[in-house]
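# Architecture and fold: a report
What follows is the residue order along each chain.
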Amino acid sequence: MSVIRARAEYLLHARPASPKLGEGLEIIIKQIDRISGIVRMLLNYAREREPIRTACDLRGIVEHAMSLVETEAARRQVHLSAELGDRPLSARCDAGQLQQVFVNLAVNALDAMESGGGTLRVVAGVIGVDPERRARITFADTGPGVPPQVRSRVFDPFFTTKEPGKGNGMGLAVSQSIMRDHGGELSFESGPEGARFFVIIPLAQAGAQTHAHNGHGVVSAQ
C-alpha cells in the first residue's frame, strides 16, 4: 500500500496533463488510505495486545474524546452533553485504546443522527460495591435506534448499515475486543427514542495512583 500510494503521489505532484487524471490520482490515494485503515483495524482486532496500562481517571479520557468530535457534532447540529460527576473514576487501562472506543461510539451516534441533528448524552457512574466496583459510561443518542432485525449483528466484524464509503463495520467489533481485553464489556439497548451504548470497566483499588489523560500522553494528578 505504501509503494502504491507513493507512486500515485509522485504522478500527482508531477502535474498530470488533464484535471480528470489528477482527480483520478487523488481518488486512488484516498482509497489506499481507506484500505490501509481497514487493514490496521483488522490487525488490531486479531493481534494479542500487550498490556500497557496505568491508573487513569476515565473522565479525562471521555472529555478528550468528546473534544475530538465537537466540531463535527456542531456541523451536524448535534448537541453534546457530558455528565461525568465530580469524583475521579480511576481504572487501570490503556488510555489510547479507551479513547478509540469512546470516539467510535460518539461517531456512530453522530452518524445515527445525521438526518436531523439531536443530542448525544454521555453519563458516567459507578455500579456494584467493593471489591467489584465498576464504572459505567453511557453514550445515549436521540437517533432512530438500531433496527430489531440487525441488533444481533451490531458487533460483527465488517457489518455496517452505513452507506458504502461511510463505514467499514470494524469500529464496534474493535471496541468490544478492547473492552474484553480490559476485563470489561460493551453492550447496548435500543428503542424508538434512540440507542444507548454502555461501556463497563472495573475500577482500580482505592489508593492507587491516578493519572489524567490529556490527549497527548498521561500526566500525574492527585
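Now for a look at the structure at hand. Just so you know, these numbers come straight off a predicted model, no measurement behind them.

## What about the overall build of the protein?
Tallying secondary structure elements over the protein gives 5 helices and 9 strands in all. In the protein, the order of α-helices and β-strands from amino to carboxyl end is α-α-β-α-β-β-α-β-β-α-β-β-β-β. Counting the 222 residues in the protein, one finds 40% classified as buried. In the form shown here, the protein has an accessible surface area of approximately 13000 Å², with 52% of it arising from carbon and sulfur atoms.

## Notes on the sheet that holds strand β4 (residues 118-127)
Paired through backbone hydrogen bonds, the strands of a sheet run either parallel or antiparallel to each other. Taken in spatial order, the 5 strands of this open sheet run β2-β4-β5-β7-β6, and their pairing is mixed. Only two strands of the sheet have a single neighbouring strand rather than two, namely β2 (78-83) and β6 (185-191). Between one strand and the next, the sheet's axes are offset by a mean angle of 15°, whatever the strand orientation. In this structure, strand β5 (residues 134-141) lies alongside strand β7 (residues 194-202), joined through 7 bridges in antiparallel fashion. Among the inter-strand pairings, Phe139 is bridged to a residue of β7, identified as Phe197. On the sheet, helix α3 (residues 58-75) packs against β2, β4, β5 and β7 and is oriented at approximately 170° with respect to β2. In this fold helix α4 (residues 95-112) packs onto β2, β4, β5, β6 and β7, with an angle of close to 25° to the strand it touches most, β5.

## Some points on the environment of Ala204
Of note, Ala204 is situated in the loop between β7 and β8 (211-213). Between the C-alpha atom of Ala204 and that of Ala135, which follows or precedes it by 69 residues, the distance is 9.8 Å. Apart from the residues within four sequence positions on either side, Ala204 is in contact with Ser90, Ala91 and Arg92.

## Quick look at the packing of aromatic side chains
By the definition in use, this model includes 3 aromatic pairs. Between Phe102 and Phe139, the aromatic rings sit 5.8 Å apart at their centres with planes inclined by 25°, giving stacked as the arrangement. Of this pair, Phe102 sits in helix α4 while Phe139 sits in strand β5, placing them 37 residues apart in sequence. Taking the centre distance of 5.3 Å and the plane angle of 20° together, the rings of Phe188 and Phe197 count as stacked. A network of ring pairs unites the aromatic residues Phe155, Phe188 and Phe197 as a single cluster.

## Some thoughts on a nonpolar patch on the surface
Taken together, the side chains of Met1, Ile4, Ile28, Ile35 and Val39 define a hydrophobic patch exposed on the protein surface, amounting to about 410 Å² of accessible area. No other element matches helix α2 (residues 19-46), which puts 3 residues into the nonpolar patch. With respect to the helices, strands and loops of the structure, Ile28 is situated in helix α2.

What counts and how
- Residues numbered from 1 in each chain as written.
- Predicted model: local features only at pLDDT ≥ 70, side-chain atom pairs only at ≥ 80, totals over all residues.
- Heavy atoms only, no water.
- Helix = DSSP H or I, 4+ residues; strand = E, 2+ residues; numbered from the N terminus.
- Buried < 20%, exposed > 50% of the residue type's maximum accessible area, 1.4 Å probe, protein only.
- Areas by Shrake-Rupley, 256 points an atom, 1.4 Å probe, with all protein chains shown as cover.
- Pairing = 2+ DSSP bridges.
- Axes fitted to C-alpha atoms, helices over the stretch in contact; angles between N-to-C directions.
- Contact = heavy atoms within 4.5 Å.
- Phe/Tyr/Trp six-rings, centres within 6.5 Å; stacked < 30°, edge-to-face > 60°.
- Patch = residues over 30% accessible without salt bridge, like charges linked within 9 Å, V, L, I, M, F, W, Y side chains within 5 Å.
- Salt bridge = Lys/Arg side-chain N within 4 Å of Asp/Glu carboxyl O.

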